[in-house]
Amino acid sequence: MFDLFKFLSKDTSSKNVAKDRLKLVLIHDRSNCSPEFLEMVKGDIMRTISEYIDIDEDGLDIRITQTTDDEGKPALVANIPIKSMRRK
Amino acid sequence: MGEVIVITSGKGGVGKTTTTANLGAGLALEGKKVVVIDADIGLRNLDVVLGLENRIVYDIVDVVSKTCEPKKALIKDRRFDGLFLLPAAQTRDKDAVTEAQMVELCNSLKEEFDFVLVDCPAGIEQGFKNAIAGADRAIVVTTPEISAVRDADRIIGLLEAHDLRDPELIVNRIRIDMVKRGDMMNISDMTDILNIDIIGIVPDDEQIVISTNRGEPAVKEMESMSGKAYRNITKRVIGEEIPFLELEIQEGFMDKVMKIFSFRR
């Protein structure tokens, strides 16, 4: 029973929280990418996608994070809300 | 020809100076000829940790500016045969020494000494650049805290950018009780994240405070856990294969248990 509890609580132990936070912050530190760089990428992505789709520019969220698989490699993730699909 | 080892960390207060003092004394106990250099100009501390603060006449700035001969500035530690200290200047700033001067100093000292240990200041500015300039090898000290590990990662990147490949890690102030209950990162957590080889683990130990109060390196305290940890690190630095962590931690833990059941005093 004790072991089961331990097993269940494994992911929320404070050292795992620290480890996860550290991994994420190191991805940013190591990528050495400035907010200006992200803004430039954001601008280019918006321009390109706007040609095909109506997007919600205020709701656009783009960030460097890590892949959700075990390897946790750096990943550029963009969340782009769509207002409407544009007709040809 | 000796070897120049820089002891660095990025973050302050993780135990660079204590590590330098103990490693220096440990190497001397192993029969090596060692000089420890305090590169933290303006915040001199290696002298007090070693208990040699009353014997300073000249300092590193006097040596690099050729005001005095290196030999004259070196303080011989009478307790540890073969250990010498080159103190930092206390009333100057980091710019009082240049990288080129550090390289020259390290190169001349390693002709005569088996080991030249450089105690690096915290930070990544000029003081850091000076301290690593003449180094052949780097040891990074960290504690199991998120801030210290993050800074260690940054330092490892900078060391590699300066061609100090494969730095080795010392994890200081680990608390086995907290590791066991999952409230402190363990050794493999840290080596996974930092992706570097470990050369030692030092348990959080009251003895360090006591030794530092007295100005006597803990490495000579046969009874203390930290003393043993530093002796093991010393042996690994000179290339001996000393079995690792798990055991070391277990032993430390058992020591603690023994102490609780008052086998001491």
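Check the entry above for the structure.
Parameters and conventions
Residues numbered from 1 in each chain as written. Chains lettered and ligands numbered in written order. Predicted model: local features only at pLDDT ≥ 70, side-chain atom pairs only at ≥ 80, totals over all residues. Heavy atoms only, no water. Helix = DSSP H or I, 4+ residues; strand = E, 2+ residues; numbered from the N terminus. Contact = heavy atoms within 4.5 Å. Areas by Shrake-Rupley, 256 points an atom, 1.4 Å probe, with all protein chains shown as cover. Expected span 1.5 Å × (residues − 1). Buried < 20%, exposed > 50% of the residue type's maximum accessible area, 1.4 Å probe, protein only. Pairing = 2+ DSSP bridges. Buried area = accessible area lost by both parts, 1.4 Å probe. Salt bridge = Lys/Arg side-chain N within 4 Å of Asp/Glu carboxyl O. Polar contact = N/O pair within 3.5 Å; in protein donor to acceptor, adjacent residues only side chain to side chain. Axes fitted to C-alpha atoms, helices over the stretch in contact; angles between N-to-C directions. Parallel < 35°, antiparallel > 145°, perpendicular 65-115°, else oblique. Left-handed = near helix turned anticlockwise from the far one by under 90°. Nonpolar A, V, L, I, M, F, W, Y, C, P; charged D, E, K, R; others polar. Phe/Tyr/Trp six-rings, centres within 6.5 Å; stacked < 30°, edge-to-face > 60°. Lys NZ or Arg CZ within 6 Å of the ring centre and 35° of its normal. 1 Å grid on protein atoms, 1.4 Å probe; cavity = no way out; pocket = protein on both sides within 12 Å on 5 of 7 lines; lining within 4 Å. Points joined across faces, edges and corners; volume = space filled by probe spheres on them.

Engineer: Hey, could you run me through the overall build of chain B in this one?
Structural biologist: Of the regular secondary structure elements, chain B holds 12 helices and 8 strands. Sequence-distant contacts, at least 24 apart, represent 75% of the contacts inside chain B between residues at least 6 apart. For chain B, the computed accessible surface area is about 12,000 Å², with 48% contributed by carbon and sulfur atoms.

Engineer: Explanation requested: helix α3 (residues 35-50) of chain A in the structure shown.
Structural biologist: Since the α-helix advances by 3.6 residues per turn, residues separated by three or four positions end up pointing in the same direction. Residue and element names in this part refer to chain A. Between its first and last C-alpha atoms α3 spans 22 Å; for 16 residues at 1.5 Å apiece the expected length is 22 Å, and the two agree. For α3, the complete set of buried residues consists of Leu38, Val41, Gly43, Met46 and Ser50. Where the residues of α3 are buried, they touch β1 (53-55), β2 (61-66) and β3 (74-79).

Engineer: Please clarify how the pairing of strand β2 (residues 34-38) of chain B should be interpreted in this entry.
Structural biologist: Consecutive side chains of a regular strand alternate in pointing toward one face of the sheet and then the other. Residue and element names in this part refer to chain B. With 5 of 5 residues buried, β2 lies mostly within the body of the structure. Both faces of β2 are covered, namely the face carrying Val34, Val36 and Asp38 and the face carrying Val35 and Ile37. As judged from the 4 bridges shared by β2 and strand β4 (residues 83-86), these two strands associate in the parallel manner. Of the residues in β4, the one forming a bridge with Val35 is Phe84. One ladder, built from 5 bridges, connects β2 with strand β5 (residues 115-119); its direction is parallel. Within β5, the position partnered with Ile37 by the bridge is Val118.

Engineer: Mind showing me how you'd approach the interface of chain A and chain B here?
Structural biologist: Interfaces are frequently sized by the accessible area removed from exposure as the parts join. Counting from both sides, the interface comprises 12 residues of chain A and, opposite them, 13 residues of chain B. Summed over both partners, the interface of chain A with chain B buries about 1,200 Å², with 58% contributed by carbon and sulfur atoms. It is A:Lys15, A:Lys19 and A:Leu22 that lose the most area in chain A upon contact with chain B, and together they represent 45% of the buried surface on that side. Here chain A is connected to chain B by 4 salt bridges. A:Asp29 is paired through a salt bridge with B:Arg150; the nearest N and O atoms lie 2.6 Å apart. Where chain A touches chain B, the interface holds 8 residue pairs in polar contact (both at pLDDT 80 or more).

Engineer: What is the right way to look at the packing of helix α2 (residues 14-31) of chain A against helix α7 (residues 146-161) of chain B in this model?
Structural biologist: When two helices pack together, their arrangement is given by the angle between the helix axes and the distance between those axes. Direction vectors running N to C along α2(A) and α7(B) enclose 30 degrees, while the axes themselves pass 10 Å from each other. With respect to each other, α2(A) and α7(B) are oriented roughly parallel. Classified by chirality, the crossing of α7(B) by α2(A) is right-handed. From α2(A), A:Ala18, A:Arg21, A:Leu22, A:Val25, A:Leu26, A:Asp29 and A:Arg30 reach across to α7(B), where they touch B:Ile146, B:Val149, B:Arg150 and B:Asp153. Here the residues of the contact of α2(A) with α7(B) are counted per class, giving 6 nonpolar, no polar and 5 charged.

Engineer: Looking at this structure, I do not really get the packing of aromatic side chains. What am I missing?
Structural biologist: The description of two aromatic rings rests on the distance between their centres and on the angle between their planes. Residue and element names in this part refer to chain B. Using the criterion set out here, one finds 1 aromatic pair over all chains in the structure. Relative to Phe113, the ring of Phe84 lies with its centre 5.5 Å away and its plane at 75 degrees, an arrangement referred to as edge-to-face. Separated by 29 residues along the polypeptide, Phe84 in strand β4 and Phe113 in the loop between α5 (99-112) and β5 bring together distant segments of the chain. Classification of Phe84 as buried rests on a relative accessible area of 16%. The class of Phe113 is buried, set by a relative accessible area of 4%. A cation over an aromatic ring shows up here: Lys33 above the ring of Phe113, its NZ or CZ 4.8 Å from the ring centre.

Engineer: Sorry, what's going on with the pattern of salt bridges here?
Structural biologist: Close approach of charged atoms allows side chains of opposite charge to pair. Tallying each qualifying case throughout the model produces 20 salt bridges over all chains. For A:Lys19, the salt bridge is made with B:Asp189, and the minimal N-O distance between the two is 2.8 Å. Taken as a pair, A:Lys19 in helix α2 and B:Asp189 in helix α9 (residues 187-194) lie in two separate chains rather than in one. Given a relative accessible area of 3%, B:Asp189 falls into the buried group. Between B:Lys66 and B:Glu104 there is a salt bridge; the shortest N-O distance is 2.9 Å.

Engineer: What am I meant to see in α9(B) here?
Structural biologist: Residue and element names in this part refer to chain B. The element α9 is extensively covered by neighbouring structure, given that 6 of its 8 residues are classed as buried. Within α9, the full set of buried residues consists of Ile187, Asp189, Met190, Thr191, Ile193 and Leu194. Capping the start of α9, Asn186 holds a side-chain oxygen 3.1 Å from the backbone nitrogen of Ser188, two or three residues further along.

Engineer: Got a minute to help me understand empty space enclosed by the protein in this structure?
Structural biologist: Gaps left between atoms show up when a probe the size of a water molecule is rolled over them. Residue and element names in this part refer to chain B. Across all of its chains, the model carries 2 cavities of 30 Å³ or more by this definition. Among the elements of the structure, α1 (16-29) and α10 (206-214) are those that each provide at least two residues to the lining of the largest cavity. Across the lining of the largest cavity, the residue classes break down as 5 nonpolar, 4 polar and 1 charged. Estimated volume of the second largest cavity: approximately 40 Å³. Lining the second largest cavity, in full, are Ala39, Ile41, Ile60, Lys94, Val97, Met102, Gly127, Asn130 and Ala131. Among the elements that take part in the lining of the second largest cavity, helix α6 (residues 126-133) stands out by supplying 3 residues, more than any other.

All quantities given are derived from atomic positions and should not be read as evidence of function.
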